[in-house]
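Results of the structural survey
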Amino acid sequence: MKARVIAYYLPQFHPIPENDEAWGPGFTEWTNVAKARPLFHGHYQPRIPADLGFYDLRLPEIREQQAQMAHEAGIEGFCYYHYWMGNGKLLLQRPFEEVLKSGKPDFPFCLCWANHEWTTKTWQNGGKTKVIAPMLYPGIDDYMAHFQYVLPAFKDRRYITVDDKPIFSIFDPYHFADVARFISCWRELAERNGLPGIHFSAMINNTTTIQRDKEGRTVRVIPNLESSAEVFNSILSLGFDSITSYGKARGEMMALGKYKRTLSKFAHKHISFLPALKYNYPQVVKNFFAPEDRWENVFPVILPQWDRTPRAGISEGIYVNATPENFRKHVVDALKVVAGKEDEHKIIFMKSWNEWGEGNYVEPDLRYGHGFLDVLQKVLT
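Heads up: these notes are all about the structure in this document. Source: prediction; values computed, not measured.

1. Thoughts on the layout of surface pockets
Which parts of space are left empty comes out when a probe the size of a water molecule is rolled across the atoms. What the second largest pocket holds in volume is close to 280 Å³. What lines the second largest pocket is a set of 19 residues, and nearest its centre among them are Ile210, Gln211, Glu230, Val231 and Ser234. Where the lining of the second largest pocket is concerned, the elements lending two or more residues are β10 (210-212) and α7 (229-236). Among the elements that line the lining of the second largest pocket, the one with the most residues is α7, at four residues.

2. Comments concerning the pattern of salt bridges
A complete count under the given rule lists 23 salt bridges for this structure. In this structure, aspartate 56 engages arginine 58 in a salt bridge whose closest nitrogen and oxygen atoms are separated by 2.6 Å. Overall, the relative accessible area of 31% leaves arginine 58 in the partly exposed class. Of the charged contacts in the structure, one is a salt bridge between glutamate 358 and arginine 311, with a shortest N-O distance of 3.2 Å.

3. Focus on the packing of aromatic side chains
Two aromatic rings, taken as a pair, are described by how far apart their centres are and by the angle between their planes. Enumeration according to the criterion identifies 47 aromatic pairs in this entry. Consider the rings of phenylalanine 78 and tryptophan 353, whose centres lie 5.2 Å apart with planes at 55°: the pair is tilted. In this pair, phenylalanine 78 sits in strand β2 (residues 77-86) while tryptophan 353 sits in the loop between β16 (347-350) and β17 (354-355), placing the two residues 275 residues apart along the sequence. Each member of the pair phenylalanine 78 and tryptophan 353 is classed as buried. With a centroid separation of 6.0 Å and 75° between ring planes, the pair formed by tryptophan 113 and tyrosine 137 is classed as edge-to-face. Here tryptophan 113 is found in strand β4 (residues 109-113), whereas its partner tyrosine 137 is found in the loop between β6 (131-133) and α5 (140-154), with 24 residues between them in sequence. Assessed through its relative accessible area of 25%, tyrosine 137 is described here as partly exposed. Note that lysine 278 overlies the ring of phenylalanine 40, its terminal NZ or CZ placed 4.4 Å from the centroid. Positioned above the aromatic ring of tyrosine 44 is the side chain of arginine 367, whose terminal nitrogen or guanidinium carbon lies 4.2 Å from the ring centre.

About the thresholds
- Along each chain, residue indices are assigned from 1 in the same order as the chain's sequence is written.
- For a predicted model such as this one, the threshold for reporting local features is a pLDDT of at least 70, and the threshold for listing and counting side-chain atom pairs is 80 or more; totals across whole chains, interfaces and linings nevertheless cover every residue.
- As a rule here, side-chain values cover all heavy atoms of the structure and leave hydrogens and water aside.
- The pocket and cavity definitions rest on a 1 Å grid over protein atoms only: a 1.4 Å probe that fits but cannot leave marks a cavity, an open set with protein on both sides within 12 Å along at least five of seven lines marks a pocket, and residues lining either have an atom within 4 Å of a point.
- Grid points are joined across faces, edges and corners, and a volume is the space filled by probe spheres set on the points.
- A run of DSSP states H or I qualifies as a helix once it reaches four residues; a run of E qualifies as a strand once it reaches two. Both are numbered from the N-terminal end.
- Here, a salt bridge means any Lys or Arg side-chain nitrogen found within 4 Å of an Asp or Glu carboxyl oxygen.
- Only protein chains enter the calculation, and the probe is 1.4 Å; a residue is then buried if its accessible area is under 20% of its type maximum, exposed if over 50%, and partly exposed in between.
- Between 30 and 60 degrees the pair is tilted, below 30 it is stacked and above 60 it is edge-to-face, where a pair is any two Phe, Tyr or Trp rings, Trp via its six-membered ring, whose centres lie within 6.5 Å.
- We call a charge positioned above a ring when the Lys NZ or Arg CZ atom is no farther than 6 Å from the ring centre and deviates by at most 35 degrees from the ring normal.

By themselves, these figures tell us nothing about what the structure is for.
So this is what it looks like as structure tokens:
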């Protein structure tokens, strides 16, 4: 086996009452994707979908087509972003709930708890930020209710497992002060409900400027480009089984210099007339993987493209030369990272299947067609 590639999947492409109230009726990710405009000569914007068009994820035939494309490309399954906001509040749940209840598509899946607040900042360039839905952690009763909501998915035969345990990712372990108690609670509930356990994976930057102190608060630290061992071990000590290692910050620091990158991001966030911050994709991704990404319980992340200007304007940086051919080299490098692991642990997460607002997708578009999917198919299968 070369690798188990699991693609993050954004269920945002359908109207919900919260977005209707904040932005007006019918708002979805496509609204800003279609409005994007080039910021410099050769800037690839707007990005227009090809085969599936500006789809609506309430349509089961779209979900079937996505699964078929992913399967043909050698992707093992989708990791759906799951928005449990606390006190039973859910967002964007309809597509996955329909996948679960209908049994279709017959394609493997798992969940990543996107435990961050929902604000207008997500799609707004400047202006006052409004909280659409806060991220709350009310305690044990809510953890138990959350588990019962997810349990039918865990018991579905399509659910992706690691060492026979359903894998559950947590997007932000840093700002979840009570995460160790949450993990302990769910492990106990899994045993009570006949599951062999749960495999908890923490999605974190392998090179980071923050860490948790003993009280669970976050503090700023100087990033270490030589080793991620301290970062990984501090998170694993909370009870996680594995790390999902995201190398974007590391790659950008190696390409630009860690202090220059920090200053550039700060300047672009606060000075609107600056030219767009650009990164050369091959230079970034060649430094994506930390030495510790080769650990047996670390799952590296691959990134096909990045351009978040439809959401965030110029402040996030734009990857140029993010072509299928350069993505191929990135995937090959990732395969080398996992080559020495047991087949069960040769997991590579891909960010993402369909994050169009981040210019971060492998679905067909008008410029590259099936180029990114063809790369995956050739390299993986």
